[in-house]
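Coordinate inspection notes
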Amino acid sequence: MNSMKKRIAAAMTASALTLVLTVPAMAAEAPDIRVSSYKGSTLEVGERSGLILGPSGTEYTVTSSAPDIVAVEQVLTFWVAVAKAEGSAEITASNSAGERGSVTLTVGSADPTAPEAPASGDSAGLTDNLEIRQEMIRLINQTRKANGVSELSINEALMNAAQVCSDRRYTWHHSQEECQTAKDAGYPYGFGDNLTVFTGTDNAAQRAVDNWISSPGHFETMIDPACDCIGVGVTQYNGVTYCYMFVGIPNSVNFYA
């Protein structure tokens, strides 16, 4: 009888253990506001990095937990993190509804022995026109949202590749060179891309996005639901503006790479 009770008790314990083990873990809630840094979470003293805040189309208040380490500045409609001293700081964004999101930025000392990048057309200006580029991304994400597809996160490799291509001042697509540039910048998959060139430098982000909205093929690339990240480049030279948009397609193939 005792043996039977022990077997029943053991069976009940095993059953209870199985129930405990099969209860799924609760997923952590996503923050109300997405906050990221264009140049990543690690900066060097003296470096500046644009802050990427989402959802787009909302006014935010941005603060730093340690302004002596990382200060924040508002430039036009954008926020910029400025690395002041070594250490870490939490950057928090909030809106009028009380929603919040944050990112931690770590600052290290600048390396005085780091070699300078060669002065070539492909290496210069990767952070040029950053405010125009951020506005372009905001408008693209606004267009995607209005058409029922998800907003795109910024991909640094595609940002650099798009800027390299715009710096070449192409006036039509050079598919092999564009694909090789994306590969060289570190993006491992295929992508869609848009190019527009126009005379004038005012209101460049809006003009570029309007041009792509007005062209069916470019518009379809801009709102492609298969894409998950974006990079853009803007070059202004002799009164002409050159704009590129690269949208990454995960797990696809770059056939020219």
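For clarity, every value in this text was computed on a predicted model and none was experimentally measured.

1. Observations concerning helix H5 (residues 204-214)
Spacing of three or four residues puts side chains on the same side of an α-helix, whose turn is 3.6 residues. Turning to H5, its buried residues are Ala 204, Ala 205, Ala 208, Val 209 and Trp 212. Taken down its axis, H5 places every buried residue within 125 degrees of arc, on the same side. For H5, the elements touching its buried residues are helix H2 (130-146), strand S10 (190-199), helix H6 (216-222), strand S11 (229-237) and strand S12 (240-249).

2. Quick word on the environment of Thr 61
Position of Thr 61 relative to the elements: it lies in strand S4 (residues 61-64). What Thr 61 contacts, discounting residues up to four positions off in sequence, is Trp 79, Thr 92, Ala 93 and Ser 94.

3. A look at the packing of helix H3 (residues 156-167) against helix H4 (residues 175-185)
It is the contact of H3 with H4, at a shortest axis distance of 8 Å, that shows an interaxial angle of 140 degrees. As the angle between them shows, H3 and H4 are arranged oblique. In this structure, H3 meets H4 at a crossing whose hand is right-handed. Between H3 and H4, the residues in contact are Ala 157, Ala 161, Val 164 and Cys 165 and Glu 178, Thr 181, Ala 182 and Ala 185, respectively. A class-by-class count of the residues in the contact of H3 with H4 yields 6 nonpolar, 1 polar and 1 charged.

4. Things to note about the nonpolar core
Ranked by size, the top nonpolar core spans 24 residues in total, and within it Met 136, Ile 140, Trp 212, Ile 230, Val 232 and Met 245 carry the most contacts. Looking at this core, the elements that each hand over two or more residues are H2, H5, H6, S11 and S12. What Val 232 contacts, discounting residues up to four positions off in sequence, is Arg 133, Met 136, Ile 137, Ile 140, Leu 158, Met 159, Ala 162, Gln 163, Tyr 244 and Met 245. Counting 19 residues, the second-largest nonpolar core is a separate cluster that includes Leu 43, Leu 51, Val 62 and Ala 93.

5. As for the side chain of Asn 95
Inspection of the secondary structure puts Asn 95 in the loop between strand S7 (87-94) and strand S8 (100-108). A relative accessible area of 14% means that Asn 95 is categorised as buried. One polar contact links the side chain of Asn 95 to the main-chain amide nitrogen of Ala 97, over a distance of 3.0 Å.

6. Some words on the pattern of salt bridges
Under the criterion given, the structure shown has 3 salt bridges. Arg 34 is paired through a salt bridge with Glu 151; the nearest N and O atoms lie 3.0 Å apart. On the criterion of sequence distance, the pair formed by Arg 34 in strand S1 (residues 34-37) and Glu 151 in the loop between H2 and strand S9 (153-154) is long-range, its members being 117 residues apart.

7. Examining the sheet that holds S10
Ordered by their spatial adjacency, 4 strands build an open sheet running S9-S11-S12-S10, and the pairing between neighbours is mixed. At either end of the open sheet lies a strand with only one pairing partner, and these are S9 and S10. Of the strand pairs in this sheet, S10 and S12 are connected by 10 bridges, and their pairing is antiparallel. Among the inter-strand pairings, Gly 190 is bridged to a residue of S12, identified as Ile 249. Strands S10 and S12 of the sheet are contacted by H4, whose axis makes an angle of about 120 degrees with S10. Packed on one face of the sheet, H5 meets S10, S11 and S12 and runs near 115 degrees to S10.

What counts, and at which threshold
All residue numbers refer to position in the chain's written sequence, counted from 1. In keeping with the predicted nature of the model, local features appear solely for residues at pLDDT of at least 70, side-chain atom pairs appear and are counted solely at 80 or more, and the whole-chain, interface and lining totals rest on all residues. For the side-chain quantities, the full set of heavy atoms in the structure was used; hydrogens and water were omitted. For every residue, the accessible area (1.4 Å probe, protein chains only) is compared with the maximum for its type, and the residue is labelled buried under 20%, exposed over 50%, or partly exposed between those bounds. For the purposes of this entry, the term helix denotes a DSSP run of H or I that reaches at least four residues, the term strand denotes a run of E that reaches at least two, and both are numbered from the N terminus. To obtain the arc, one takes the directions from the helix axis to the C-beta atoms. Here, residues are in contact when the closest pair of their heavy atoms is within 4.5 Å. Lines fitted to C-alpha atoms define the axes, with helix axes restricted to the stretch in contact, and inter-axis angles between N-to-C directions lie between 0 and 180 degrees. Oblique is the label for every angle not falling under 35 degrees (roughly parallel), over 145 degrees (roughly antiparallel), or within 65 to 115 degrees (roughly perpendicular). It is the rotation of the near helix from the far one that decides the hand of a crossing: anticlockwise by less than a right angle makes it left-handed, clockwise makes it right-handed. The classification used treats Ala, Val, Leu, Ile, Met, Phe, Trp, Tyr, Cys and Pro as nonpolar, Asp, Glu, Lys and Arg as charged, and all other residues, Gly among them, as polar. For our purposes a nonpolar core is just a set of buried Ala, Val, Leu, Ile, Met, Phe, Trp, Tyr and Cys residues, chained together by side-chain atoms within 4.5 Å. The term polar contact refers here to a pair of N or O atoms within 3.5 Å; inside protein, the definition further demands a hydrogen-donor-capable atom paired with an acceptor-capable atom, and it admits residues adjacent in sequence only when both atoms are side-chain atoms. Here, a salt bridge means any Lys or Arg side-chain nitrogen found within 4 Å of an Asp or Glu carboxyl oxygen. Only strands joined by at least two bridges in the DSSP assignment are considered to pair.

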